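Next come the chains, spelled out residue by residue.
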Amino acid sequence: LVQVSSGASVWGVNKDDAIYKYLKQWYQRRVRGEQKWQRMSGALTNVDVSNKDHVWGVNRGQSIYRWTGSAWENIPGKLIQISVGESGVWGVNAGHDIFYRTGTYGDVNTAGSAWERVAGKLQWVASGSGLVVGVNSANEIFYREGVTAQSPTGTRWVKVAGKLMQIDVDEDEVVGTNAANHIFRSPVGPADKQRENLEFGASIQMIRSTS
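Bear in mind the structure is a predicted one, so any value in this text is a computation, not a measurement.

**What about the overall build of the protein?**
Alright, step 1. When helices and strands are counted, the protein shows one helix and 21 strands.
Alright, step 2. Within the protein, contacts between residues separated by at least 24 positions form 41% of all contacts whose residues are at least 6 apart in sequence.
Alright, step 3. For the protein, the computed accessible surface area is about 10700 Å², with 48% contributed by carbon and sulfur atoms.

**Brief notes about the side chain of D107**
Alright, step 1. Tracing the sequence through the fold places D107 in the loop between β11 (97–101) and β12 (115–121).
Alright, step 2. A polar contact is formed between the side chain of D107 and the side chain of S50, at a distance of 2.7 Å.

**Quick word on a nonpolar patch on the surface**
Alright, step 1. A cluster of nonpolar side chains, namely L1, V4 and W37, defines an oily patch on the protein surface of about 270 Å² accessible area.
Alright, step 2. Residue placement: W37 occurs in strand β4 (residues 37–43).
Alright, step 3. Classification of W37 by relative accessible area gives partly exposed; the value is 33%.

**Some points on the sheet that holds strand β16 (residues 156–163)**
Alright, step 1. What the four strands build is an open sheet, ordered β13-β14-β15-β16; its pairing is antiparallel. Edge positions in the sheet fall to β13 (124–127) and β16, since each of these pairs with one other strand and no more. Strand-to-strand twist in this sheet, taken as the mean axis angle between neighbours without regard to direction, amounts to 25°.
Alright, step 2. Across three bridges, strand β14 (residues 132–135) lies against strand β15 (residues 140–145) in antiparallel orientation. What sits directly across from V133, in β15, is Y143.

**Quick word on a negative patch on the surface**
Alright, step 1. A grouping of D168, D170, E171 and D172 is seen on the molecular surface, where their side chains present a negatively charged patch.
Alright, step 2. The topology assignment puts E171 in the loop between β17 (166–170) and β18 (173–177).

**A word on the nonpolar core**
Alright, step 1. Within the largest apolar cluster, 15 residues are counted, with the highest numbers of intra-cluster contacts made by L131, V133, I167 and V174.
Alright, step 2. Among the elements of the structure, β13, β14, β15, β16, β17 and β19 (182–190) are those that each provide at least two residues to this core.
Alright, step 3. In this structure, V118, V132, F142 and V147 belong to the second largest nonpolar core, which totals 11 residues.

Each value, and the rule that gives it
Residues numbered from 1 in each chain as written. Predicted model: local features only at pLDDT ≥ 70, side-chain atom pairs only at ≥ 80, totals over all residues. Heavy atoms only, no water. Helix = DSSP H or I, 4+ residues; strand = E, 2+ residues; numbered from the N terminus. Contact = heavy atoms within 4.5 Å. Areas by Shrake-Rupley, 256 points an atom, 1.4 Å probe, with all protein chains shown as cover. Polar contact = N/O pair within 3.5 Å; in protein donor to acceptor, adjacent residues only side chain to side chain. Patch = residues over 30% accessible without salt bridge, like charges linked within 9 Å, V, L, I, M, F, W, Y side chains within 5 Å. Salt bridge = Lys/Arg side-chain N within 4 Å of Asp/Glu carboxyl O. Buried < 20%, exposed > 50% of the residue type's maximum accessible area, 1.4 Å probe, protein only. Pairing = 2+ DSSP bridges. Axes fitted to C-alpha atoms, helices over the stretch in contact; angles between N-to-C directions. Lys, Arg positive; Asp, Glu negative; His and termini not counted. Charge placed at Lys NZ, Arg CZ, Asp CG, Glu CD. Core = buried A, V, L, I, M, F, W, Y, C linked by side-chain atoms within 4.5 Å.

Dropping the structure here:
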């Protein structure tokens, strides 16, 4: 696989755009001879799964899809990368413009109603719990300040020290990889107890390097 996403389940895509879902051990024991990775219908270049098991993806033609549980629902628009999480569905297009899918905050089971353009330019974006993070074409790292249910697109991008080319966020941790394929993580904590806002910890720590 060339890209994998882990939430309530694990999905991935290979170099030929084939989509796979990892089968849990209890299910494997019930289905004799079943492989660990199940081939799913469709073809995607990027897939993302949330902690509530909502799955979105984009294909080589930049078309956007949402898994309904039995089939892929085509969502209007064009994106090259997409993320689904507690802060809703976010994505970036080929021009690195940033978009939020209206009505998806809270990781609800919905296709949303429209794409809302968010100021800034990113090549990768990730939606977490009250936190949206991203990196731009210069590998600079940002998080979106002020993301709440009342203001799902937040107020501004805040730059964070460090360089990453891909990034993801889950619960209280941000993880990412840099251009040298080193893997980094950073804890996330409340920025202000009076606000539903999050920020990075003081530093980004390398946890492992790959050859």
